[in-house]
Amino acid sequence: MEEAATKRVDRIGVVATDTLRVLGLQSILPQFEIIHLTAPGALDDVNLALVLIDAECTSHLFELLATFHHIRPQLKLIVLGTETGPEYIQRIIGTGAKGYLTLTAKETELAMAIEMVRDGSVWEPRKVLSSLLDRQPGCASSASAPPR
């Protein structure tokens, strides 16, 4: 019983301007301690398991991701947004985020993405991942294509 009382709860920072979004995340993710942060606060807090960034909170998302990646390269970032274009999502991952989810993602998908990214994997829509893999040299689909 004492083990359960001393079990560490992962802290997840949320960079968002919409307070209701933060409150919603707190209610659907009770297994985590959800902390509402500003971008500088997320850079300073060393006890975060990961950070969720609302893409709508800034018009400089890619600069923000690059800054996070430069200053705290080990910090795991997941972007929440409305865009669904593969190029946009690939750019987010390429800039240093470890995951991307739309704001309409289900609770189970969000929790699974957090677990996967926390454990070191990347989370992005399957279509985007498939498209990215198809463009990589030496992947199965390009290796099986007949030579010209």
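The preceding data block contains the structure.
Just so it is clear, the structure is predicted and the values come from calculations on it, not from any experiment.

A few points about the packing of aromatic side chains
Argument step 1. Scanning all chains against the criterion turns up 2 aromatic pairs.
Argument step 2. Taken together, a centroid distance of 5.7 Å and an interplanar angle of 80° make the contact between Phe62 and Tyr88 edge-to-face. Pair noted here: Phe62 is in helix α4 (residues 61-71) and Tyr88 is in helix α5 (residues 86-94), with a separation of 26 residues, a long-range link.
Argument step 3. With a relative accessible area of 15%, Phe62 lands in the buried category.
Argument step 4. The class of Tyr88 is partly exposed, set by a relative accessible area of 22%.

Things to note about the nonpolar core
Argument step 1. Counting 22 residues, the largest nonpolar core has Val51, Ile53, Leu65, Phe68, Leu77, Val79 and Ile92 as the members making the most contacts within it.
Argument step 2. Broken down by element, this core gets its largest block of residues, 5 residues, from α4.
Argument step 3. What Val51 contacts, discounting residues up to four positions off in sequence, is Gly13, Val15, Ala42, Leu75, Lys76, Leu77 and Ile78.

Some points on the environment of Phe68
Argument step 1. Within the secondary structure, Phe68 is located in helix α4.
Argument step 2. For Phe68, a relative accessible area of 1% gives the class buried.
Argument step 3. For Phe68 and Thr95, which are 27 residues apart along the polypeptide, the C-alpha to C-alpha distance reads 9.5 Å.
Argument step 4. The contacts of Phe68, once residues within four sequence positions are left out, are Ala39, Ala42, Leu43, Ile53, Pro73, Leu75 and Leu77.

Parameters at a glance
Residues numbered from 1 in each chain as written. Predicted model: local features only at pLDDT ≥ 70, side-chain atom pairs only at ≥ 80, totals over all residues. Heavy atoms only, no water. Phe/Tyr/Trp six-rings, centres within 6.5 Å; stacked < 30°, edge-to-face > 60°. Helix = DSSP H or I, 4+ residues; strand = E, 2+ residues; numbered from the N terminus. Buried < 20%, exposed > 50% of the residue type's maximum accessible area, 1.4 Å probe, protein only. Core = buried A, V, L, I, M, F, W, Y, C linked by side-chain atoms within 4.5 Å. Contact = heavy atoms within 4.5 Å.

These results come straight from atomic positions and should not be treated as a statement about function.
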